[in-house]
Amino acid sequence: MTASSLHPSVLVVDDSPGVLLSMHRLLSPHVSVQMASSARAALEVLTPETALVLSDVQMPGMDGLELARQLRQGRPELAVVLMSGVVEDSLRRQAHELGVLEVLRKPLRSEVLLSSLRGWLGGELEDLSAGDEDAPDDVLPSTPVLQAPELTFQAAQACVSGINLLPGVLSSCVFGEQGELIAGSAQLPAQLGAYLGFLSSTSASLSTHLGGALPMRAVQIEFGDRVLVVCPFGSGVVTAVVHDTPAASGVKSWLRTRTVDQSLRALH
C-alpha cells in the first residue's frame, strides 16, 4: 500500500487557486487530495481511487453541473458534491436530478465541511481532529509537518532585502498564507501570491507519492532566460526571479542557511 492510498481520495475542482490551496490545507490531513482548476482538467486527473468530487458550479468552459452529468454517465457510483456562492432552488433541483449529494454555499465553513466528509465517504474516514472545529470562515487551517514561524513584515522585508543582494536576482517577494503580498518588488503582480501558494501546496502534496511526508524545500521553474524560485517562508512563501540556474541555487542556499540559523535561535 502506498502512502497516497492510506486515505480515501477527494478531487477538488475550482478555478480559483486560493480556494484550491485552502481546501488542500484543510482536507489533506484526513484524505488524499487531488486538485483541478477546471472541469475538463478534473476529467483528466480522475482515477479509480477517487471517492468524492467536490466541485465549484460557476467555472469557465464546462461548469459544475455539466461535470456532474458526465461523471454520472461515466462513474455513476462516484460521490459528487457541488459548491456555489449563490444556491437557488433551481440549482438544487438540477443537482438532485444528476445524483449530486449536496450543494454547499460558499464561503464554506470548515467545521461543516469536515463533519460532512464522513457521511459522503461512507464512514471511510478516521476520526477528524477536533482542533478544526473553531476555524473561522475562509480561514482554513494549514497542517505543515513542522509548525511554521509567524510571518511578520519585518522578517519578510529582511528576507527580501537579503535576497536582492544576491548575484543574478532580478526581483523578489514574500507572500502570506492567503496569497497576500507582505513585502517585495512591485515588479511582480500581487495576484501572483495565490498561484504561488497553490504551486507550493501542490508540490508539497507530491511527497505522499514519493514514499513519505517529506517537507517541500523549493520549486524551480525555468522560463527562457528567467528562472522562478519558490520556497516556503514561515507560513507563506518567498519567490525570486533570477537570471539563471546558478543564481537560483544561490537563492535556495541562502534561504536554507537562514532557516537553519532561525531554527537554532529558536532552540535557545
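Our subject is the structure that appears above.
Residues numbered from 1 in each chain as written. Predicted model: local features only at pLDDT ≥ 70, side-chain atom pairs only at ≥ 80, totals over all residues. Heavy atoms only, no water.

Trainee: It is not clear to me how helix 3 (residues 64–74) should be interpreted in this structure. Could you clarify?
Mentor: Think of an α-helix as turning once every 3.6 residues; residues three or four places apart then point the same way. Among all positions of helix 3, only G64, L65, L67, A68 and L71 are buried. Seen end-on, helix 3 carries its buried residues on one side only, within an arc spanning 155 degrees. Opposite the buried face of helix 3, at more than 90 degrees from it, the exposed residues are Q73 and G74. Looking at the buried positions of helix 3, the neighbouring elements they touch are strand 1 (9–13), helix 2 (39–45), strand 3 (50–56), strand 4 (79–84) and helix 4 (89–97). In this structure D63 caps helix 3, since a side-chain oxygen of it lies 3.2 Å from the backbone nitrogen of L65. (Buried < 20%, exposed > 50% of the residue type's maximum accessible area, 1.4 Å probe, protein only. Helix = DSSP H or I, 4+ residues; strand = E, 2+ residues; numbered from the N terminus. Arc of directions from axis to C-beta. Contact = heavy atoms within 4.5 Å. Polar contact = N/O pair within 3.5 Å; in protein donor to acceptor, adjacent residues only side chain to side chain.)

Trainee: Sorry, what's going on with the packing of helix 1 (residues 17–27) against helix 5 (residues 110–120) here?
Mentor: Two quantities define a packed helix pair, namely the angle between the helix axes and the distance between the axes. Between helix 1 and helix 5, the shortest axis-to-axis distance is 11 Å and the interhelical angle comes to 55 degrees. As the angle between them shows, helix 1 and helix 5 are arranged oblique. As for the relative orientation of helix 1 and helix 5, their crossing is right-handed in sense. Of the residues in helix 5, those in contact with M23, L26 and L27 of helix 1 are S110, L113, L114 and L117. Looking at the contact of helix 1 with helix 5 residue by residue, the class counts come to six nonpolar, one polar and no charged. (Axes fitted to C-alpha atoms, helices over the stretch in contact; angles between N-to-C directions. Parallel < 35°, antiparallel > 145°, perpendicular 65-115°, else oblique. Left-handed = near helix turned anticlockwise from the far one by under 90°. Nonpolar A, V, L, I, M, F, W, Y, C, P; charged D, E, K, R; others polar.)

Trainee: Sorry, what's going on with unusual backbone geometry here?
Mentor: What is expected of a backbone is that most residues other than glycine have negative phi and most peptide bonds are trans. Between K106 and the following residue, P107, the backbone shows a cis peptide bond with an omega angle of -5 degrees. Inspection of the secondary structure puts P107 in the loop between strand 5 (102–105) and helix 5.

Trainee: Is there a simple way to think about the side chain of K252 in this case?
Mentor: Among the secondary structure elements, K252 is positioned in helix 8 (residues 245–266). Beyond its immediate stretch of four places on either side in the chain, K252 contacts A218, Q220, V229 and C231.

Trainee: What's the story with the environment of D56 in this structure? I'm lost.
Mentor: With respect to the element layout, D56 can be found in strand 3. Apart from the residues within four sequence positions on either side, D56 is in contact with V13, D14, D15, G64, M83, S84 and K106. Separated by 3.3 Å, the side chains of D56 and K106 make a polar contact.

Trainee: How should the nonpolar core be read in this particular structure?
Mentor: Most often, soluble globular proteins have nonpolar side chains that are buried together. In this structure, V13, V53, L67 and L82 are the most contacted members of the largest nonpolar core, which totals 23 residues. The greatest single-element share of this core, amounting to four residues, is contributed by helix 3. Those residues in contact with V13 that sit more than four places away from it in its chain are L20, A36, S38, A39, A42, V53, L54, S55, D56, M59, L67 and M83. V10, V33, M83 and L104 belong to the second-largest nonpolar core, a separate cluster that totals 22 residues. (Core = buried A, V, L, I, M, F, W, Y, C linked by side-chain atoms within 4.5 Å.)

Trainee: Is there a simple way to think about the pairing of strand 10 (residues 236–242) in this case?
Mentor: Remember that side chains alternate between the two faces of the sheet whenever the strand is regular. The element strand 10 is largely enclosed, with a buried count of seven among its seven residues. Of the two faces of strand 10, both are covered, the one formed by G236, V238, A240 and V242 as well as the one formed by V237, T239 and V241. Pairing analysis gives seven bridges linking strand 9 (residues 226–233) to strand 10, with the strands arranged antiparallel. Considered in strand 10, the bridge of V229 is made with A240. Taken together, strand 9 and the strand that follows it, strand 10, pair antiparallel across an intervening segment of two residues, in which G234 is found at a positive phi of about 60 degrees. (Pairing = 2+ DSSP bridges.)

Trainee: What am I meant to see in helix 5 here?
Mentor: Taken as a whole, helix 5 has its buried residues at S110, L113, L114, S116, L117 and W120. Along the axis of helix 5, the buried positions cluster into a sector of 165 degrees, meaning they face one direction only. Exposed and facing more than 90 degrees away from the buried side of helix 5 are S115 and G119. Where helix 5 is buried, its residues meet helix 1, strand 3, strand 4 and strand 5.

Trainee: What should I look at first to understand the pattern of salt bridges in this one?
Mentor: When their charged atoms lie close together, side chains carrying opposite charge are able to pair. What the rule picks out here adds up to six salt bridges. The partner of K106 in a salt bridge is D56, with the nearest N and O atoms 3.3 Å apart. With a gap of 50 residues between them, K106 in the loop between strand 5 and helix 5 and D56 in strand 3 connect regions that are remote in the sequence. K106 sits in the partly exposed class, given a relative accessible area of 23%. (Salt bridge = Lys/Arg side-chain N within 4 Å of Asp/Glu carboxyl O.)

Trainee: Is there a simple way to explain the sheet that holds strand 10 in this structure?
Mentor: Two orientations exist for strands paired in a sheet by backbone hydrogen bonds: parallel and antiparallel. Spatially, the five strands line up as an open sheet ordered 7-6-10-9-8, and their pairing is antiparallel. Unpaired on one side and paired on the other, strand 7 (181–184) and strand 8 (219–223) mark the two borders of the sheet. Pairwise comparison of adjacent strand axes, ignoring direction, gives a mean angle of 20 degrees for this sheet. Inspection of the sheet shows strand 8 paired to strand 9 by five bridges, in the antiparallel sense. If you follow V219 over to strand 9, its bridge partner there is V230. Packing against the sheet, helix 6 (residues 153–164) makes contact with strand 6 (169–175), strand 7, strand 9 and strand 10, and its axis sits at approximately 165 degrees to strand 6.

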